[in-house]
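# Inside the fold
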Amino acid sequence: MKVISNVEIEGMEKIKSGKVREMFSNNNEILIVTTDRISAFDYILPSLIPLKGIILNQISIFWFNMLEDIIDNHLIETDINKFPKYLKKHRDSLKGRSVIVKRAKIFPIECVVRGYITGSGWEDYKKTGMIGDLKLPPNLQLCDKLPEPIFTPTTKEISGHDVSITINKAKKIFGAKVVDYLKEKSLQLYKKAADYALKKGIIIADTKFEFGLVGNKTILVDEVLTPDSSRFWPLDEYAPGKSQKSFDKQFVRDYLLSTDWDRNSEPPELPEDVIEKTTQRYINAYEVLTGKKFEWK
Ligand SMILES: Nc1ncnc2c1ncn2[C@@H]1O[C@H](COP(=O)(O)OP(=O)(O)O)[C@@H](O)[C@H]1O
Ligand SMILES: [Mg+2]
(Lines give C-alpha, C1' and ligand atoms only; values in the text may rest on other atoms or scores of the structure.)
(Ligands and ions follow the chains in the order given, each with its own letter.)
Protein backbone atom coordinates (compact mmCIF):
# COMPACT_ATOMS: atom_id res chain seq x y z
CA MET A 1 0.00 0.00 0.00
CA LYS A 2 1.28 3.40 -0.94
CA VAL A 3 1.24 6.18 1.65
CA ILE A 4 0.71 9.57 0.03
CA SER A 5 1.96 12.90 1.32
CA ASN A 6 2.57 15.15 -1.64
CA VAL A 7 1.14 14.77 -5.13
CA GLU A 8 2.26 16.33 -8.39
CA ILE A 9 0.32 15.86 -11.61
CA GLU A 10 2.29 16.97 -14.63
CA GLY A 11 0.25 19.10 -16.96
CA MET A 12 -2.14 20.12 -14.20
CA GLU A 13 -1.86 23.22 -12.11
CA LYS A 14 -1.90 22.71 -8.35
CA ILE A 15 -4.33 25.43 -7.38
CA LYS A 16 -4.23 24.73 -3.66
CA SER A 17 -2.33 22.63 -1.19
CA GLY A 18 -4.23 22.53 2.09
CA LYS A 19 -3.28 20.88 5.32
CA VAL A 20 -4.58 17.58 4.03
CA ARG A 21 -5.85 17.89 0.46
CA GLU A 22 -4.36 19.03 -2.83
CA MET A 23 -6.45 20.53 -5.60
CA PHE A 24 -5.54 20.49 -9.29
CA SER A 25 -7.29 22.18 -12.14
CA ASN A 26 -6.88 23.37 -15.70
CA ASN A 27 -10.47 24.27 -16.39
CA ASN A 28 -13.92 24.25 -14.81
CA GLU A 29 -13.26 20.95 -13.06
CA ILE A 30 -11.05 20.22 -10.05
CA LEU A 31 -9.21 17.05 -9.11
CA ILE A 32 -9.20 16.81 -5.30
CA VAL A 33 -6.64 14.45 -3.81
CA THR A 34 -6.86 13.62 -0.10
CA THR A 35 -3.41 12.75 1.22
CA ASP A 36 -2.48 10.76 4.32
CA ARG A 37 -1.31 13.88 6.13
CA ILE A 38 -2.71 14.50 9.58
CA SER A 39 -2.91 17.69 11.57
CA ALA A 40 -3.22 18.19 15.29
CA PHE A 41 -3.09 21.34 17.41
CA ASP A 42 -3.02 23.29 14.12
CA TYR A 43 0.19 21.65 12.91
CA ILE A 44 0.67 19.24 10.05
CA LEU A 45 2.53 16.36 11.67
CA PRO A 46 5.65 14.90 10.06
CA SER A 47 4.11 11.40 10.21
CA LEU A 48 1.57 10.06 7.74
CA ILE A 49 -1.42 7.88 8.58
CA PRO A 50 -1.75 5.04 6.05
CA LEU A 51 -5.21 4.89 4.41
CA LYS A 52 -6.44 8.08 6.08
CA GLY A 53 -6.82 9.96 2.80
CA ILE A 54 -8.72 7.12 1.20
CA ILE A 55 -11.07 6.77 4.13
CA LEU A 56 -11.74 10.49 4.42
CA ASN A 57 -12.51 10.68 0.72
CA GLN A 58 -14.82 7.66 0.91
CA ILE A 59 -16.64 9.02 3.96
CA SER A 60 -17.20 12.31 2.18
CA ILE A 61 -18.55 10.55 -0.92
CA PHE A 62 -20.86 8.47 1.29
CA TRP A 63 -22.39 11.61 2.80
CA PHE A 64 -22.61 13.51 -0.49
CA ASN A 65 -24.71 10.65 -1.83
CA MET A 66 -26.86 10.30 1.27
CA LEU A 67 -27.53 14.03 1.41
CA GLU A 68 -28.27 14.52 -2.28
CA ASP A 69 -31.99 14.83 -1.57
CA ILE A 70 -31.25 17.98 0.46
CA ILE A 71 -28.88 19.67 -1.99
CA ASP A 72 -26.90 18.90 -5.15
CA ASN A 73 -23.15 18.59 -4.76
CA HIS A 74 -19.97 19.13 -6.73
CA LEU A 75 -19.14 15.48 -7.50
CA ILE A 76 -18.58 14.61 -11.14
CA GLU A 77 -16.58 11.37 -10.93
CA THR A 78 -15.51 9.26 -7.96
CA ASP A 79 -14.44 6.11 -9.83
CA ILE A 80 -10.80 6.15 -10.87
CA ASN A 81 -11.57 3.77 -13.74
CA LYS A 82 -13.62 6.54 -15.30
CA PHE A 83 -11.06 9.32 -14.81
CA PRO A 84 -9.58 10.86 -17.96
CA LYS A 85 -6.83 8.83 -19.64
CA TYR A 86 -4.08 11.31 -18.89
CA LEU A 87 -4.47 10.52 -15.16
CA LYS A 88 -3.85 6.79 -15.73
CA LYS A 89 -0.16 6.95 -14.90
CA HIS A 90 -0.98 8.52 -11.53
CA ARG A 91 -3.33 5.69 -10.63
CA ASP A 92 -1.33 4.53 -7.61
CA SER A 93 -1.33 8.00 -6.08
CA LEU A 94 -4.98 8.75 -6.84
CA LYS A 95 -6.85 5.50 -6.32
CA GLY A 96 -9.57 5.76 -3.68
CA ARG A 97 -8.44 9.16 -2.51
CA SER A 98 -9.48 11.43 -5.33
CA VAL A 99 -12.59 12.89 -6.91
CA ILE A 100 -13.25 15.08 -9.90
CA VAL A 101 -15.63 17.89 -9.04
CA LYS A 102 -17.27 20.93 -10.55
CA ARG A 103 -15.27 24.06 -9.95
CA ALA A 104 -17.57 26.39 -8.03
CA LYS A 105 -17.43 30.01 -6.99
CA ILE A 106 -17.13 29.49 -3.24
CA PHE A 107 -19.15 31.58 -0.80
CA PRO A 108 -16.36 32.78 1.50
CA ILE A 109 -18.21 31.72 4.62
CA GLU A 110 -17.75 28.53 6.60
CA CYS A 111 -21.18 27.22 7.46
CA VAL A 112 -20.60 25.85 10.94
CA VAL A 113 -23.38 23.88 12.64
CA ARG A 114 -23.15 22.89 16.27
CA GLY A 115 -25.32 20.32 18.00
CA TYR A 116 -23.15 20.34 21.13
CA ILE A 117 -21.21 23.11 22.82
CA THR A 118 -17.44 22.83 22.73
CA GLY A 119 -14.34 24.45 21.21
CA SER A 120 -14.56 28.13 20.31
CA GLY A 121 -18.34 28.06 20.82
CA TRP A 122 -17.79 27.09 24.44
CA GLU A 123 -15.17 29.82 24.89
CA ASP A 124 -17.60 32.45 23.57
CA TYR A 125 -20.47 31.12 25.67
CA LYS A 126 -18.41 31.23 28.87
CA LYS A 127 -17.66 34.91 28.26
CA THR A 128 -21.02 36.14 27.00
CA GLY A 129 -23.65 33.42 27.27
CA MET A 130 -23.90 33.67 23.50
CA ILE A 131 -22.37 32.28 20.34
CA GLY A 132 -22.39 34.94 17.62
CA ASP A 133 -25.76 36.65 17.95
CA LEU A 134 -27.46 33.59 19.44
CA LYS A 135 -28.42 33.67 23.08
CA LEU A 136 -28.12 30.22 24.67
CA PRO A 137 -29.72 28.82 27.80
CA PRO A 138 -27.78 29.52 31.04
CA ASN A 139 -25.91 26.80 32.96
CA LEU A 140 -24.76 24.81 29.97
CA GLN A 141 -21.82 22.54 30.70
CA LEU A 142 -18.88 21.89 28.42
CA CYS A 143 -19.94 19.48 25.64
CA ASP A 144 -23.64 19.60 26.54
CA LYS A 145 -26.10 18.89 23.80
CA LEU A 146 -27.80 22.09 22.66
CA PRO A 147 -31.61 22.29 22.73
CA GLU A 148 -31.49 22.64 18.92
CA PRO A 149 -28.57 22.60 16.48
CA ILE A 150 -27.36 26.14 15.77
CA PHE A 151 -25.81 27.83 12.75
CA THR A 152 -22.67 29.79 13.69
CA PRO A 153 -20.84 30.80 10.52
CA THR A 154 -17.27 32.05 10.29
CA THR A 155 -15.45 33.94 7.61
CA LYS A 156 -13.02 32.01 5.40
CA GLU A 157 -9.62 33.53 6.04
CA ILE A 158 -6.86 33.04 3.47
CA SER A 159 -4.34 32.63 6.25
CA GLY A 160 -4.76 32.26 9.97
CA HIS A 161 -7.87 31.32 11.88
CA ASP A 162 -11.38 31.80 10.62
CA VAL A 163 -13.24 34.48 12.51
CA SER A 164 -16.79 34.02 13.71
CA ILE A 165 -19.30 36.36 12.18
CA THR A 166 -22.80 37.20 13.36
CA ILE A 167 -25.66 36.18 11.11
CA ASN A 168 -26.63 39.85 10.83
CA LYS A 169 -23.20 40.79 9.59
CA ALA A 170 -23.16 37.87 7.16
CA LYS A 171 -26.48 39.11 5.80
CA LYS A 172 -24.98 42.55 5.22
CA ILE A 173 -22.15 41.01 3.20
CA PHE A 174 -23.93 38.28 1.25
CA GLY A 175 -27.56 39.36 1.38
CA ALA A 176 -30.29 37.99 3.65
CA LYS A 177 -31.63 35.58 1.05
CA VAL A 178 -28.28 33.83 0.55
CA VAL A 179 -27.56 33.56 4.27
CA ASP A 180 -31.04 32.25 5.05
CA TYR A 181 -30.64 29.64 2.35
CA LEU A 182 -27.17 28.52 3.52
CA LYS A 183 -28.43 28.37 7.09
CA GLU A 184 -31.49 26.32 6.20
CA LYS A 185 -29.48 23.87 4.11
CA SER A 186 -26.66 23.57 6.68
CA LEU A 187 -29.10 22.76 9.47
CA GLN A 188 -30.96 20.22 7.33
CA LEU A 189 -27.71 18.52 6.33
CA TYR A 190 -26.41 18.40 9.88
CA LYS A 191 -29.65 17.08 11.33
CA LYS A 192 -30.00 14.26 8.84
CA ALA A 193 -26.36 13.21 9.20
CA ALA A 194 -26.20 13.56 12.99
CA ASP A 195 -29.40 11.53 13.50
CA TYR A 196 -28.01 8.83 11.26
CA ALA A 197 -24.58 8.76 12.93
CA LEU A 198 -26.06 8.74 16.42
CA LYS A 199 -27.88 5.50 15.63
CA LYS A 200 -24.50 4.06 14.71
CA GLY A 201 -22.92 5.18 17.98
CA ILE A 202 -21.14 8.32 16.78
CA ILE A 203 -21.99 11.81 17.96
CA ILE A 204 -21.31 14.47 15.35
CA ALA A 205 -20.82 17.32 17.79
CA ASP A 206 -20.30 19.97 15.13
CA THR A 207 -19.26 20.34 11.53
CA LYS A 208 -18.74 22.87 8.78
CA PHE A 209 -20.05 22.94 5.25
CA GLU A 210 -18.99 25.00 2.28
CA PHE A 211 -21.22 25.99 -0.59
CA GLY A 212 -20.49 27.42 -3.98
CA LEU A 213 -22.16 28.63 -7.12
CA VAL A 214 -22.07 26.86 -10.45
CA GLY A 215 -23.86 29.19 -12.83
CA ASN A 216 -26.61 30.50 -10.62
CA LYS A 217 -27.13 27.26 -8.72
CA THR A 218 -25.88 26.79 -5.16
CA ILE A 219 -24.27 23.41 -4.51
CA LEU A 220 -22.50 21.67 -1.63
CA VAL A 221 -18.71 21.54 -2.13
CA ASP A 222 -15.45 20.69 -0.39
CA GLU A 223 -15.51 17.71 1.97
CA VAL A 224 -18.55 16.79 4.04
CA LEU A 225 -18.87 15.36 7.51
CA THR A 226 -15.42 13.83 7.68
CA PRO A 227 -13.55 13.66 10.97
CA ASP A 228 -11.36 16.48 9.56
CA SER A 229 -14.28 18.89 9.08
CA SER A 230 -16.28 17.75 12.11
CA ARG A 231 -15.95 16.63 15.68
CA PHE A 232 -16.85 12.96 16.01
CA TRP A 233 -17.25 11.61 19.55
CA PRO A 234 -17.82 7.99 20.53
CA LEU A 235 -21.34 7.86 21.99
CA ASP A 236 -20.53 5.17 24.56
CA GLU A 237 -17.92 7.43 26.18
CA TYR A 238 -19.94 10.63 26.03
CA ALA A 239 -20.14 12.48 29.35
CA PRO A 240 -20.75 16.24 29.40
CA GLY A 241 -18.99 18.50 31.88
CA LYS A 242 -15.53 17.78 30.48
CA SER A 243 -13.87 17.62 27.09
CA GLN A 244 -14.66 14.50 25.05
CA LYS A 245 -12.41 11.94 23.48
CA SER A 246 -11.98 12.47 19.76
CA PHE A 247 -13.11 9.50 17.70
CA ASP A 248 -10.19 9.69 15.31
CA LYS A 249 -7.32 11.73 16.74
CA GLN A 250 -7.39 10.76 20.41
CA PHE A 251 -4.27 8.57 20.28
CA VAL A 252 -2.43 11.30 18.39
CA ARG A 253 -3.40 14.02 20.84
CA ASP A 254 -2.69 11.87 23.89
CA TYR A 255 0.72 11.00 22.52
CA LEU A 256 1.63 14.59 21.66
CA LEU A 257 0.55 15.76 25.10
CA SER A 258 2.72 13.07 26.69
CA THR A 259 5.86 14.43 24.98
CA ASP A 260 7.69 17.62 25.84
CA TRP A 261 6.60 19.26 22.55
CA ASP A 262 5.77 22.91 23.30
CA ARG A 263 3.04 23.21 20.60
CA ASN A 264 4.97 26.17 19.29
CA SER A 265 7.57 24.44 17.14
CA GLU A 266 7.88 21.55 14.69
CA PRO A 267 5.87 18.65 16.11
CA PRO A 268 7.57 15.27 16.70
CA GLU A 269 7.10 12.05 14.71
CA LEU A 270 4.43 9.67 15.95
CA PRO A 271 5.45 6.21 17.16
CA GLU A 272 4.45 3.24 15.00
CA ASP A 273 1.76 1.97 17.39
CA VAL A 274 0.05 5.37 17.54
CA ILE A 275 0.02 5.46 13.73
CA GLU A 276 -1.41 1.94 13.51
CA LYS A 277 -4.10 2.58 16.11
CA THR A 278 -5.08 5.78 14.33
CA THR A 279 -5.44 4.02 10.98
CA GLN A 280 -7.66 1.49 12.77
CA ARG A 281 -9.77 4.34 14.14
CA TYR A 282 -10.37 5.72 10.65
CA ILE A 283 -11.24 2.26 9.35
CA ASN A 284 -13.63 1.86 12.25
CA ALA A 285 -15.29 5.23 11.55
CA TYR A 286 -15.77 4.24 7.91
CA GLU A 287 -17.20 0.84 8.73
CA VAL A 288 -19.51 2.05 11.47
CA LEU A 289 -20.85 4.93 9.40
CA THR A 290 -21.28 3.21 6.07
CA GLY A 291 -22.11 -0.28 7.36
CA LYS A 292 -19.61 -1.61 4.80
CA LYS A 293 -16.41 -3.53 5.37
CA PHE A 294 -13.34 -1.49 4.45
CA GLU A 295 -11.33 -3.54 2.02
CA TRP A 296 -8.22 -2.25 0.41
CA LYS A 297 -5.78 -3.84 -1.97
N1 LIG B 1 -15.96 22.45 -5.91
C2 LIG B 1 -15.07 23.36 -5.51
N3 LIG B 1 -14.80 24.43 -6.29
C4 LIG B 1 -13.88 25.34 -5.90
N5 LIG B 1 -13.18 25.29 -4.74
C6 LIG B 1 -13.42 24.24 -3.91
C7 LIG B 1 -14.37 23.23 -4.26
N8 LIG B 1 -14.39 22.33 -3.24
C9 LIG B 1 -13.52 22.78 -2.33
N10 LIG B 1 -12.92 23.92 -2.70
C11 LIG B 1 -11.92 24.73 -1.97
O12 LIG B 1 -10.74 23.97 -1.84
C13 LIG B 1 -10.00 24.44 -0.73
C14 LIG B 1 -9.44 23.26 0.05
O15 LIG B 1 -8.42 23.75 0.80
P16 LIG B 1 -8.25 23.49 2.33
O17 LIG B 1 -9.57 23.51 3.03
O18 LIG B 1 -7.18 24.40 2.83
O19 LIG B 1 -7.71 22.03 2.32
P20 LIG B 1 -7.63 21.07 3.54
O21 LIG B 1 -9.03 20.98 4.10
O22 LIG B 1 -7.15 19.81 2.94
O23 LIG B 1 -6.69 21.71 4.50
C24 LIG B 1 -10.96 25.26 0.10
O25 LIG B 1 -10.57 26.61 -0.01
C26 LIG B 1 -12.31 25.02 -0.55
O27 LIG B 1 -13.12 26.15 -0.47
MG1 LIG C 1 -10.50 22.41 4.66
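Residues numbered from 1 in each chain as written. Chains lettered and ligands numbered in written order. Predicted model: local features only at pLDDT ≥ 70, side-chain atom pairs only at ≥ 80, totals over all residues. Heavy atoms only, no water.

## A few points about helix α5 (residues 176-199)
The terminal C-alpha atoms of α5, which comprises 24 residues, lie 35 Å apart, in line with the 34 Å expected from a rise of 1.5 Å per residue. Positive phi shows up at glycine 201, right after α5, with a value of about 90 degrees. (Helix = DSSP H or I, 4+ residues; strand = E, 2+ residues; numbered from the N terminus. Expected span 1.5 Å × (residues − 1).)

## Comments concerning the packing of helix α1 (residues 52-66) against helix α7 (residues 272-290)
Each pair of packed helices can be described by the angle between their axes along with the distance between the axes. Contact pair α1 / α7: the axes reach a minimum separation of 9 Å and the direction vectors enclose 20 degrees. Put simply, α1 runs roughly parallel to α7. Note on packing geometry: the crossing formed by α1 with α7 is left-handed. Mapping the contact onto sequence places Lys52, Ile55, Leu56, Gln58, Ile59, Phe62 and Trp63 in α1 and Tyr282, Ile283, Ala285, Tyr286, Leu289 and Thr290 in α7. A class-by-class count of the residues in the contact of α1 with α7 yields 10 nonpolar, two polar and one charged. (Axes fitted to C-alpha atoms, helices over the stretch in contact; angles between N-to-C directions. Parallel < 35°, antiparallel > 145°, perpendicular 65-115°, else oblique. Left-handed = near helix turned anticlockwise from the far one by under 90°. Contact = heavy atoms within 4.5 Å. Nonpolar A, V, L, I, M, F, W, Y, C, P; charged D, E, K, R; others polar.)

## Looking at the domain arrangement of the protein chain
In terms of domain boundaries, the protein chain breaks down into domain 1 (1-103) and domain 2 (105-237). On a C-alpha basis, the centroid separation for the pair domain 1 and domain 2 is 23 Å. Counting from both sides, the interface comprises 20 residues of domain 1 and, opposite them, 25 residues of domain 2. In total, about 2,000 Å² of surface goes out of reach between domain 1 and domain 2, with carbon and sulfur atoms giving 66% of it. Connecting domain 1 to domain 2 are five salt bridges. Inspection of the domain 1/domain 2 interface yields 11 residue pairs in polar contact (both at pLDDT 80 or more). (Domains from an automatic or database assignment. Buried area = accessible area lost by both parts, 1.4 Å probe. Salt bridge = Lys/Arg side-chain N within 4 Å of Asp/Glu carboxyl O. Polar contact = N/O pair within 3.5 Å; in protein donor to acceptor, adjacent residues only side chain to side chain.)

## Looking at the nonpolar core
In this structure, Trp63, Phe209 and Phe211 are the most contacted members of the largest nonpolar core, which totals 73 residues. Counting residues domain by domain, this core receives three or more from each of domain 1 (1-103) and domain 2 (105-237). (Core = buried A, V, L, I, M, F, W, Y, C linked by side-chain atoms within 4.5 Å. Buried < 20%, exposed > 50% of the residue type's maximum accessible area, 1.4 Å probe, protein only.)

## Brief notes about the site of ligand 1
Taken together, 18 residues form the shell around ligand 1, and within it Lys16, Lys19, Arg21, Lys102 and Glu210 come nearest. For ligand 1, an oxygen atom lies 2.6 Å from a polar atom in the backbone of arginine 21. Contact between ligand 1 and glutamate 210: an oxygen atom at 2.5 Å from a side-chain N or O atom of the residue. Considering ligand 1 on its own, with 570 Å² of exposed area, one finds that the protein chains cover 83% of that surface. Listing elements by their share of the shell around ligand 1, those giving two or more residues are β2 (21-25) and β7 (98-102). (Near = heavy atom within 4 Å. Areas by Shrake-Rupley, 256 points an atom, 1.4 Å probe, with all protein chains shown as cover.)

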